[in-house]
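If you want the building blocks of each chain, they are given just below.
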Number of protein chains: 2
Amino acid sequence: MSGGLRVWQDMDKEREALQAWKERVEQELDRVVAFWMEHSHDQEHGGFFTCLGRDGQVYDDLKYVWLQGRQVWMYCRLYRKFERFRSPELLDSAKAGGEFLLRFARVAPPGKKCAFVLTRDGQPIKVQRTIFSECFYTMAMNELWRVTGEARYQNEAVEMMDQIAYWVREDPSGLGRPCLPGAPASESMAVPMMLLNLVDQLGEADEELAGTYAELGDWCAQRILQHVQRDGQAVLENVSEDGGELSGCLGRHQNPGHALEAGWFLLRHAIRKGDPELRARVIDKFLLLPFRSGWDPDHGGLFYFQDADGLCPTQLEWAMKLWWPHSEAMIAFLMGYSDSGDPTLLHLFYQVAEYTFRQFRDPEHGEWFGYLTREGKVALTIKGGPFKGCFHVPRCLAMCEEMLGALLGRLAPAPSPGPGSPAAVPARQAAK
Amino acid sequence: MSGGLRVWQDMDKEREALQAWKERVEQELDRVVAFWMEHSHDQEHGGFFTCLGRDGQVYDDLKYVWLQGRQVWMYCRLYRKFERFRSPELLDSAKAGGEFLLRFARVAPPGKKCAFVLTRDGQPIKVQRTIFSECFYTMAMNELWRVTGEARYQNEAVEMMDQIAYWVREDPSGLGRPCLPGAPASESMAVPMMLLNLVDQLGEADEELAGTYAELGDWCAQRILQHVQRDGQAVLENVSEDGGELSGCLGRHQNPGHALEAGWFLLRHAIRKGDPELRARVIDKFLLLPFRSGWDPDHGGLFYFQDADGLCPTQLEWAMKLWWPHSEAMIAFLMGYSDSGDPTLLHLFYQVAEYTFRQFRDPEHGEWFGYLTREGKVALTIKGGPFKGCFHVPRCLAMCEEMLGALLGRLAPAPSPGPGSPAAVPARQAAK
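In this text, all values refer to a predicted model and were calculated from it rather than measured experimentally.

A. Structural context of the sheet that holds strand E13 (residues 371-372) of chain B. All names here are of chain B. Pairing within the open sheet is antiparallel, and its three strands lie in the order E12-E13-E14. Single-partner strands in this sheet number two, and they are strand E12 (321-322) and strand E14 (378-380). The pairing of E12 with E13 spans two bridges and is classified as antiparallel. Considered in E13, the bridge of leucine 322 is made with tyrosine 371.

What follows is the structure, encoded as structure tokens:
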């Protein structure tokens, strides 16, 4: 067999594998979106039910602000980026969710602090002393502006963004956390991660805002990178304010899915910056390292939490397999491969995607289970709950569909089986 | 075989079974206390390390106030009630723990609010907006007074008790919980349970305080009984302020181990009151009912959480088997049997105790594992952590040893094998 033919055959195999995954991912995205459209819309009050049982039954009507903001964002993003999701129903539901947030999310307007959870009709039940409700509110408003063009949404987004940045970098006292003398000045990686994701969101195709937040993006990236500790051998979830390791369980705490998610946030940042050294470092430290330590050698899947010294974590759920670290890992490895061309990363994508589709998908009722035992058995049958909504699964599927489409587009066409046959084109080039 | 002989033989069998369990429980109590004495004492700062790995290794030096108070209480109780634990080392460690609490537990003295967790040297890290740190502080101080006779401990206990009762019944604003319009006025069963336990603690052999808190005890019992809902078919963990079922997951939430623990608190209350109707009701609703719904028919053991409608709980750990519901169940069933003589309750004690000793004990390093999977595999190898200290296991063992001793004492002596042989007496009648 000639070398040239083998290259053609290898490319053919790769094309087939990518094409097969693109089709699986596309179909799965359709099913997942259909699940949320069928079961989650609150036609009476606006917003979304997210406490959904295995078959979509609403088992609680609480409205978690994180999940309201995320679903608005997701619907708008799908509407904006995918021809087949450009339906009035999706847009109207997103707008109704946005209006619900505008009206009820803030606990004491004009103050910007948002509730964590609301009653079905919008009365606040609980407030978290963190920035995350506000971050998902910002994502929702920015994306609503992008699909509707209405400036009031963008004003909300930018004002909230500036408030969040102020809380993080200037003065956190508005969040209401008490300052106790024994509490170490520590940083959770979630904070700069989330903020970097917002910088990406607000700066998309918006040179002015991209410029406004460029320094903030660099600061976030630098803060996230401080979480690589122990001579580059571990990503730690919490570090001291000045970037050192904290003592005890808090300091040794690891969250492999979070590191992988931070990885693709950082990779997008490095690509925007055109920084090849950072791209390589991110792939090494935030993709390969957390996978190597976080993948369960016995049962497959990513552990939820780990201890950097290999001690037993104190969180009861540490060894469980959650859906979102796996969807983040799929994005991270496919993005890493798209960026670097390193086949190791493509194989890791396949490994994670196979596990994920096999273990988390519910072929009977749609959407994914969220919580498996270490061995991979379904531990909770719910499809949505206080922390699982219409977000990680469809975001993963949508991003993977886009990336797989782009990879297929980059590959040379298959050799013609005979004269006159058209070059192979991916079946549904819907991603844009 | 004559009826009389059969009765003798049955009693013989019962005596043997009780005696065997008394010996197992006694030996286990010795091993458990030895574990904590060997590994948990902070000789430098006073107080206790409670973050202990499988072999007793300290994996974090944080001091959780609940667990500091509980260990002081436990050591004093053992010292006071068991001849073989009347050692200076136990008393000195309890006193050092008490002094640590006196010095550091309160966040802003003379204010009574206590921290939830402190650094090793006593600096506050986190405050919970609940009454529980203060409750365990009170238990520790009252028990220290009982073993030392020093009035300052009792003053602390009574003052804190009055503060707690004020927070619960008059004005909770001192706890710092925000009042949000969407939050239902609800009561967690933990609050009246804990308070009833304190009434029991302070009133022991103290007629004056027993009188002072008699009305409070009745109020607590009445509030706990309000958690029996759905025509007496379910104990619900949270109910509305006026004793109705709350909507959603919060309202349907069940914690079988907590119901069983409330059961023996109530049973002691009913015995003190000499109220036979209440005794029977408690056994039916707080012992038999939670066991019937909460025992896993497939793998044995009590589920941690359940949903009263049989839906899937949203807590990731709902199906795990935790040590403390099992130790509480052992106390509850043995107390129920001691009170009622109903052999069903004795058999349930045996069933729970067999499961518990088989699954939770660590014959290699001592103490018990705290957290098993649904199937009974050890999920966390730690022996102590943020919520597991020197409390539920030794309290269960000590109370069971006392109750088994009393039951054996009540049984007629074994028929003499021959003239002149002494009547059987339990081997080590150490409990008093």
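B. Representation of the interface of chain A and chain B within the structure. Every contact between the two is made by 37 residues of chain A and, on the other side, 36 residues of chain B. In total, chain A and chain B occlude about 2800 Å² of area from one another, counting both sides; carbon and sulfur atoms represent 65% of this. The largest share of the area that chain A buries against chain B comes from Tyr59, Leu180 and Leu316 of chain A, three residues that together contribute 22% of it. Linking chain A with chain B are two salt bridges, by the criterion used here. Between lysine 377 of chain B and glutamate 375 of chain A there is a salt bridge, and its shortest N-O distance comes to 2.8 Å. There are 10 residue pairs in polar contact (both at pLDDT 80 or more) connecting chain A and chain B.

C. Main features of the environment of alanine 319 of chain A. All names here are of chain A. With respect to the helices and strands, the residue alanine 319 is situated in the loop between strand E11 (306-307) and strand E12 (321-322). Sequence separation between alanine 319 and glutamate 28 is 291 residues; the distance between their C-alpha atoms is 27 Å. Beyond its immediate sequence surroundings of up to four residues, alanine 319 is in contact with Phe303 and Arg374.

D. Representation of the pattern of salt bridges. Inspection of every chain in the model, using the stated rule, returns 82 salt bridges over all chains. With a shortest N-O distance of 2.8 Å, glutamate 150 of chain A and arginine 152 of chain A are connected by a salt bridge. Judged by its relative accessible area of 29%, glutamate 150 of chain A is partly exposed. A salt bridge links arginine 169 of chain B to glutamate 215 of chain B; the shortest N-O distance between them is 3.0 Å.

E. Spotlight on the relation of the copies chain A and chain B. When chain A is fitted onto chain B, the two copies agree to an RMSD of 0.0 Å after a turn of 180 degrees and an axial shift of 0.0 Å. Such a combination of turn and shift is consistent with a two-fold rotation axis. Closest approach to the rotation axis among the C-alpha atoms of chain A is made by glutamate 317 of chain A, whose C-alpha sits 3.2 Å away. Both copies present the same face, since 97% of the interface residues in chain A are matched by interface residues at the equivalent positions in chain B.

F. Spatial organisation of the sheet that holds strand E14 (residues 378-380) of chain A. As summarised here, the arrangement of the three strands in space is E12-E13-E14 (chain A), forming an open sheet in which the pairing is antiparallel. Each edge of the sheet is formed by a strand with only one pairing partner; in this case those strands are E12 and E14 of chain A.

G. Quick peek at the packing of aromatic side chains. Residues and elements named next belong to chain B. Summed over the entire model, instances satisfying the criterion amount to 50 aromatic pairs over all chains. Judged by centre distance (4.9 Å) and plane angle (90 degrees), the rings of tryptophan 21 and phenylalanine 357 are edge-to-face. Linking tryptophan 21 in helix H1 (residues 3-39) with phenylalanine 357 in helix H13 (residues 343-359), this pair joins segments that are 336 residues apart in sequence. Here tryptophan 21 matches phenylalanine 357 in class, with each residue buried. Aromatic pair phenylalanine 357 and tryptophan 368: ring centres 5.8 Å apart, planes at 70 degrees, arrangement edge-to-face. Here tryptophan 368 lies in the loop between H13 and E13 and phenylalanine 357 lies in helix H13, a separation of 11 residues in the sequence. Classification of phenylalanine 357 as buried rests on a relative accessible area of 5%.

Conventions and cut-offs
- Residues numbered from 1 in each chain as written.
- Chains lettered and ligands numbered in written order.
- Predicted model: local features only at pLDDT ≥ 70, side-chain atom pairs only at ≥ 80, totals over all residues.
- Heavy atoms only, no water.
- Pairing = 2+ DSSP bridges.
- Helix = DSSP H or I, 4+ residues; strand = E, 2+ residues; numbered from the N terminus.
- Contact = heavy atoms within 4.5 Å.
- Buried area = accessible area lost by both parts, 1.4 Å probe.
- Salt bridge = Lys/Arg side-chain N within 4 Å of Asp/Glu carboxyl O.
- Polar contact = N/O pair within 3.5 Å; in protein donor to acceptor, adjacent residues only side chain to side chain.
- Buried < 20%, exposed > 50% of the residue type's maximum accessible area, 1.4 Å probe, protein only.
- Least-squares fit on C-alpha atoms with pLDDT ≥ 70 in both.
- Phe/Tyr/Trp six-rings, centres within 6.5 Å; stacked < 30°, edge-to-face > 60°.

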